[in-house]
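Chain by chain, the residues:
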Amino acid sequence: MSSVAVQKAPSAAGATDAERGSRPPLRRRIALVPTITLLLGALYCLLPVAWVVIASTKSGSELFSTFTFLPGTGFTQNLSDLNAYRDGIYWQWMANSALYAVLGALLSTCVSAFSGYALATYRFRGRETMFNVLLAGVLMPPIILAIPQYLLMAQADLTDSYWSVLLPQILSPYGVYLARIYAAAAVPSDVVEAGRMDGASEWRIFTRIALPMMIPGMVTVFLFQFVAVWNNFLLPYIMLSDDERFPITLGLFTLLEQGANTPALYTLVITGAFLAVIPLVALFLVIQRFWSLDLLSGAVKS
């Protein structure tokens, strides 16, 4: 019996080694979990975009009668109808959104850079209190500020104007917070002190030394703010009444409301939504290269 047991033991051990060889290591299986999670998240985010892209190619009759992810044949006609709708007011909405987003994001990025650099570099009384107030602004939902902002604009007689949408977007608490964190990490205090010892003014130190170091962070602030302004709906909805000043979000909303009585407008809404995504994708592809800049390249070039 002992010989039989001895013979069985090697065979069992060999079977165990074979099973181990056929299964991936535990560490590799655990490493697959984040990848699968990211793939599921990407699928969740991209499926609506894929639906909009495919649905924009369908005519009104194909939209509700064909398979969801089957392309249609009406994209050219949808573009023609969208261009002809109210003498091309859709492109006016797109131009308004570009104005709000580009100008608002640029001004907000400038304010965030100034404020973040000052909070990170200078020591003054009330600095931490001011920063904590900014953090509270980050946590505050925009809907809480919409009505007070409208009342302020009404007092200044700026409602139903371009300024009523632009001005509230200039100060971004999250942008200032991100700029302060990035400036503290990217701008060494020794470099600032060296500039002062060389006789450079504070403005020259900021523009020629600190700002080039902060470019990747400021590009991120600009992108976040551009997307936020481009997709903003609540503030224009409260501030504006003239549809010629509407951004694309509010314009498509009015089209969608009319689609309840005129189903043919649904294809215009979907096609317009597809076209509204293209500038965001193009912007991301154009400016993403700035994130690869060396943090100290600005100081070296200066």
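(A) Quick peek at the overall build of the protein. Each helix and strand counted, the protein has 16 helices and zero strands in total. Of all 302 residues assigned to the protein, the portion counted as buried reaches 34%. Intrachain contacts of the protein at a sequence separation of at least 6 include 73% that bridge at least 24 residues. Here the protein displays about 18,100 Å² of accessible surface, and carbon together with sulfur accounts for 68% of that area.

(B) Looking closely at the nonpolar core. If you look at the biggest cluster of nonpolar residues, it comprises 39 residues, and the most contacted ones within it are Tyr90, Trp93, Phe226, Trp230, Ile248 and Leu255. If you list the elements that add at least two residues to this core, you get helix 2 (26-55), helix 5 (89-121), helix 8 (162-170), helix 12 (215-230), helix 13 (234-239), helix 14 (248-259) and helix 15 (265-287). In terms of residue count, the dominant contributor to this core is helix 15 (10 residues). Setting aside anything within four residues of it in sequence, one finds tyrosine 90 in contact with Leu82, Ile248, Leu252, Gly272, Leu275 and Ala276. Counting 16 residues, the second-largest nonpolar core is a separate cluster that includes Ala120, Val187, Val192 and Ile205.

(C) Summary view of the pattern of salt bridges. Taken as a whole and judged by the stated rule, the model has seven salt bridges. As a salt-bridge pair, arginine 196 and glutamate 202 come within 2.9 Å of each other at their nearest N and O atoms. Judged by relative accessible area, which is 28%, arginine 196 ranks as partly exposed. One continuous salt-bridge network, built from bridges that share partners, spans Arg127, Glu128 and Arg180.

(D) Just empty space enclosed by the protein, in detail. Under the counting rule described, the total for this entry stands at one cavity of 30 Å³ or more. Each pocket or cavity is described by its volume, and for the largest cavity that value is around 30 Å³. Looking at the largest cavity, the residues that line it are Tyr100, Val165, Gln169, Val229, Asn232, Pro236 and Pro247. Its residues assigned to classes, the lining of the largest cavity shows five nonpolar, two polar and no charged.

Thresholds, definitions, all that
Throughout, residues of each chain are indexed from 1 in the direction in which the sequence is written. Owing to the predicted nature of the model, reporting of local features is limited to residues with pLDDT of at least 70; listing and counting of side-chain atom pairs is limited to 80 or more, with chain, interface and lining totals taken over all residues. Where side-chain values are given, they derive from all heavy atoms of the structure, hydrogens and water being excluded. The secondary structure listing takes helices from DSSP runs of H or I that are at least 4 residues long and strands from runs of E that are at least 2 residues long, numbered from the N terminus. For the exposure calls, accessible area comes from a 1.4 Å probe over protein chains only, and a residue counts as buried if that area is under 20% of its type's maximum, exposed if over 50%, partly exposed in between. The contact definition used throughout considers only heavy atoms, calling two residues in contact when any of these lie within 4.5 Å. Methods summary: accessible areas were calculated by the Shrake-Rupley approach with a probe of 1.4 Å, and residue burial reflects only the protein chains presented. The definition of a nonpolar core used throughout is a set of buried Ala, Val, Leu, Ile, Met, Phe, Trp, Tyr and Cys residues joined through side-chain atoms within 4.5 Å. A pairing counts as a salt bridge when a side-chain nitrogen of Lys or Arg comes within 4 Å of a carboxyl oxygen of Asp or Glu. With a 1 Å grid laid over protein atoms only, a set of points is called a cavity when a 1.4 Å probe fits there but cannot get out and a pocket when it is open yet has protein on both sides within 12 Å along at least five of seven lines; lining residues have an atom within 4 Å of a point. Grid points are joined across faces, edges and corners, and a volume is the space filled by probe spheres set on the points. Only Asp, Glu, Lys and Arg are considered charged in this grouping, and only Ala, Val, Leu, Ile, Met, Phe, Trp, Tyr, Cys and Pro are considered nonpolar; every other residue, Gly among them, is considered polar.

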